[in-house]
Amino acid sequence: KGYTIQPYSPAAGTGLSSHELNQPGCYRDVKDTTVTAQFRMLDPRPEMTGWGTPYFLAWTTTPWTLSSNTALCVGPKIEYVCVRTYNMYSGEPVTVVLAKARLGAYLNPEGENMPLDGYKPGDKVIPYQIVGEYLGPDLVGMTYEQLFPWVNPGEGAFRVIPGDYVTTEDGTGIVHIAPTFGADDDRVAKQAGIAPMLLVDKDGNKQPMVDKRGRLFVLEEIDPEFVKSHVNTELYSEYAGRFVKNAYDPQLTEEDATLDIDLSVMLKKENKAFKVEKHEHNYPHCWRTDKPVLYYPLDSWFIRSTACK
């Protein structure tokens, strides 16, 4: 018996095997709202200060998982840079850390070493200056502020940790870790001693922040004592009960704003989004219902085939 991250279909109410996901037509190209979020550093190095607020940048194709973030992950051999620049939405000065190889995806090379004080909000080319360079291990152990302070996961979260699967093919070279919604996330978080974001339901069971129907847990289904001690009800109430994908709600259509869009708008308003854009990617769907699959922690039974080999 194991409690592991597996493909799960909220529409069918069942976990799916890798064989089911690999049937023809299950993986489809979809366009989703993606966000590169700004995670505010709590213990920046000297060169990371002195120009606006210092942030780590991490990209995700599933902004709804940011509410369950408990770590950021860097690659052990990846080169990172510390850059002074501006946020394109707020026009505020910021200092950001991201992979050197991904700099061109976020900032126009023409802006390098342009005078920072010559920028005006709305300018097409945003000036930037590199003020520090690091390898992944140099950043490990640094801490940051919780992006969505909805639920307190306890001590030890919100640290930079190492991960062998981080690449610079897309995103920022820094991976946002939500251990309850990704197998790799769960693995590296356990290795680093990072707790997952879990709630306690009214029956006393520990649960991820999303229920098995694909909704953020409503407050009435969470243990009242846990709500009192761990949940910021003022902030969480606005989103509690929202489906993480519109396809799970029979009353919503593809034209309705998704939770991802609303959260991205909120991040923009709070100066916590560095870049928001539509991104086409391959995403698994349930062969029974044609609805998207979630990667979700499930109690399951497995055949220990190695014992019979």
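Residues numbered from 1 in each chain as written. Predicted model: local features only at pLDDT ≥ 70, side-chain atom pairs only at ≥ 80, totals over all residues. Heavy atoms only, no water.

A few points about the overall build of the protein
Note the threshold: Helix numbers and strand numbers start at the N terminus; a helix is a DSSP run of H or I with at least 4 residues, a strand a run of E with at least 2. The buried label goes to any residue with under 20% of its type's maximum accessible area, the exposed label to any with over 50%, and the partly exposed label to all in between, with areas taken from a 1.4 Å probe on protein chains only. Contact definition: two residues touch when any of their heavy atoms are within 4.5 Å. We treat Lys and Arg as the positive residues and Asp and Glu as the negative residues; His and chain ends play no part in the count. For charged residues, the charge sits on one atom: NZ in Lys, CZ in Arg, CG in Asp, CD in Glu.
Counting secondary structure elements, the protein contains seven helices and 14 strands. A buried classification covers 49% of the 309 residues belonging to the protein. Taking the contacts inside the protein whose residues are at least 6 apart along the sequence as the reference set, 70% of them involve residues at least 24 apart. Between the mean site of the 31 positive side-chain charges and the mean site of the 41 negative ones, the protein shows a separation of 3 Å.

Considerations on the side chain of Thr172
Mapped onto the elements of the fold, Thr172 is located in the loop between strand 9 (159-162) and strand 10 (174-177). Overall, the relative accessible area of 0% leaves Thr172 in the buried class. With near-sequence residues (within four places) excluded, Thr172 lies in contact with Thr36, Leu57, Ala58, Trp59, Tyr80, Leu98, Ala99, Arg102 and Tyr106.

Focus: the packing of aromatic side chains
Rules: In this scheme Phe, Tyr and Trp rings, the latter by its six-membered ring, pair at centre separations within 6.5 Å, and the angle between planes marks the pair as stacked below 30 degrees, edge-to-face above 60, and tilted otherwise.
Evaluated as defined, the whole model comprises eleven aromatic pairs. Ring centres of Trp64 and Phe181 lie 4.9 Å apart, and the angle between their planes is 70°; this geometry places the pair in the edge-to-face category. Residue Trp64 is found in the loop between strand 4 (53-60) and strand 5 (71-74), and its partner Phe181 is found in the loop between strand 10 and helix 4 (183-192); the two are separated by 117 residues along the sequence. Grouping residues by exposure puts Trp64 and Phe181 together as buried. For the ring pair Phe148 and Trp150, a centre distance of 5.0 Å and an interplane angle of 20° mean the geometry is stacked. In this structure Trp150 comes out as buried when scored by relative accessible area, which is 3%.

Any functional reading would require information beyond the geometric quantities listed.
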